[in-house]
Amino acid sequence: AAAAKAPVKKNPKVANVSVQLEMKALWDEFNQLGTEMIVTKAGRRMFPTFQVKIFGMDPMADYMLLMDFVPVDDKRYRYAFHSSSWLVAGKADPATPGRVHYHPDSPAKGAQWMKQIVSFDKLKLTNNLLDDNGHIILNSMHRYQPRFHVVYVDPRKDSEKYAEENFKTFVFEETRFTAVTAYQNHRITQLKIASNPFAKGFRDCDPEDWPRNHRPGALPLMSAFARSRNPVSSPAHQNGTEKDAAESRRDFEREAGGTGLHQAEAAHQQLMSRVLSPALPG
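The structure reproduced in this document is the subject of the present report. (Residues numbered from 1 in each chain as written. Predicted model: local features only at pLDDT ≥ 70, side-chain atom pairs only at ≥ 80, totals over all residues. Heavy atoms only, no water.)

## Quick word on the overall build of the chain
Okay, step 1: Counting its secondary structure elements, the chain contains eight helices and 15 strands.
Okay, step 2: The burial tally for the chain puts 44% of its 282 residues in the buried class.
Okay, step 3: Considering only residue pairs separated by 6 or more positions, the chain has 76% of its internal contacts joining residues 24 or more positions apart.
Okay, step 4: Of the accessible surface of the chain, which amounts to about 14500 Å², a share of 52% is contributed by carbon and sulfur atoms. (Helix = DSSP H or I, 4+ residues; strand = E, 2+ residues; numbered from the N terminus. Buried < 20%, exposed > 50% of the residue type's maximum accessible area, 1.4 Å probe, protein only. Contact = heavy atoms within 4.5 Å. Areas by Shrake-Rupley, 256 points an atom, 1.4 Å probe, with all protein chains shown as cover.)

Pasting the structure below:
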């Protein structure tokens, strides 16, 4: 048998880097239910957003930050509503093109990365195999593990020789998820409503205080509730999100306005998925 490859000794510029996942308690809560992330042809942002705090960088060195997504296994899944559980539905579909998402502030000095929380709020997930917008391409009903990479920008001319030494990868298992085109588990829908600041229009109070038949799992009532409220009734946000909020409102009204209740029920999950996505700058 071939000798096991010796682990690469990392460059001191990355060897001491450590990373803390932000909103870990929320990620844990989703993970316990089985996190789902919406993928669409146009691309959809993640909620919770992947955010980290970074320590141990050289303040004066340049770093690039990036993410990729790897399959958890070689299986395709389906959701069994009668048992509220995910079941293996067969072998995985052919692998999607492997892509990485560079944080738009890359490259930047270690001092800049460490002074504040780093948020990947521009990252979008798509199921469009022909996507030309640079979004992360995933197969729906497959499970994925996000990975976070810190790359030291080596100024040496022959830096390619040291590529394996110059990066460090971090994996937080609580961030793994199933890619879906519409939320399958109503508890995930409920938690997204409760915790996503851009879903304020769907809640007057804590979801646990709602009567059971008014919770998101009760589709007919929830559909009527969704149609009767402004999904972006929170105050206008800065940094261009007023435009996103207006677009979300138009999308919502196009789908919900003037439809019969039975049509609203049929479109419930698709509608909820759109309304619950974070309305951040494009």
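## Observations concerning the pattern of salt bridges
Okay, step 1: Counted according to the given criterion, the structure contains 12 salt bridges.
Okay, step 2: Across the pair Lys-24 and Asp-28 runs a salt bridge whose closest N-O atoms are separated by 3.0 Å. Of this pair, Lys-24 and Asp-28 are both found in helix 2 (residues 24-33), four residues apart, which corresponds to roughly one turn of the helix.
Okay, step 3: Residue Lys-109 is joined to Asp-62 by a salt bridge in which the shortest nitrogen-to-oxygen separation is 3.4 Å. In this pair, Lys-109 sits in strand 9 (residues 108-109) while Asp-62 sits in strand 5 (residues 62-71), placing the two residues 47 residues apart along the sequence. (Salt bridge = Lys/Arg side-chain N within 4 Å of Asp/Glu carboxyl O.)

## Description of the sheet that holds strand 11 (residues 124-126)
Okay, step 1: A sheet is described by the order of its strands in space; here three strands give the open sequence 3-11-12, paired in mixed fashion. What marks the edges here is a single partner per strand, and that holds for strand 3 (44-45) and strand 12 (136-137). (Pairing = 2+ DSSP bridges.)

## Regarding the nonpolar core
Okay, step 1: Among the nonpolar cores identified, the biggest contains 33 residues, and Ile-54, Leu-65, Phe-69, Leu-125, Leu-138, Phe-148 and Phe-177 are the most heavily contacted of them.
Okay, step 2: Of all the elements in the fold, those that place two or more residues in this core are strand 1 (18-21), strand 4 (51-55), strand 5, strand 13 (143-152) and strand 15 (177-180).
Okay, step 3: Once you skip the residues sitting within four places of it in the chain, Ile-54 turns out to touch Val-17, Ser-18, Val-19, Leu-65, Trp-113, Met-114, Val-118 and Phe-148.
Okay, step 4: Counting residues in hydrophobic clusters, the runner-up holds nine residues, among them Phe-30, Met-141, Val-180 and Leu-191. (Core = buried A, V, L, I, M, F, W, Y, C linked by side-chain atoms within 4.5 Å.)

## Quick look at the sheet that holds strand 1
Okay, step 1: Ordered in space as 1-4-10, the three strands form an open sheet in which the pairing is antiparallel. Two strands bound the open sheet, and with one partner strand each, they are strand 1 and strand 10 (118-119).
Okay, step 2: Judged from the two bridges that link them, strand 4 and strand 10 form a sheet pairing that is antiparallel. Residue pairing in the sheet places Val-52 in a bridge with Val-118 of strand 10.

## Considerations on unusual backbone geometry
Okay, step 1: Cis geometry is found at the peptide bond from Phe-47 to Pro-48, where omega equals 0°.
Okay, step 2: Assignment of secondary structure puts Pro-48 in the loop between strand 3 and strand 4.
Okay, step 3: Ser-106 connects to Pro-107 through a cis peptide bond whose omega is -10°.
Okay, step 4: Of note in this structure, Met-23 is not a glycine but carries a positive phi near 55°.

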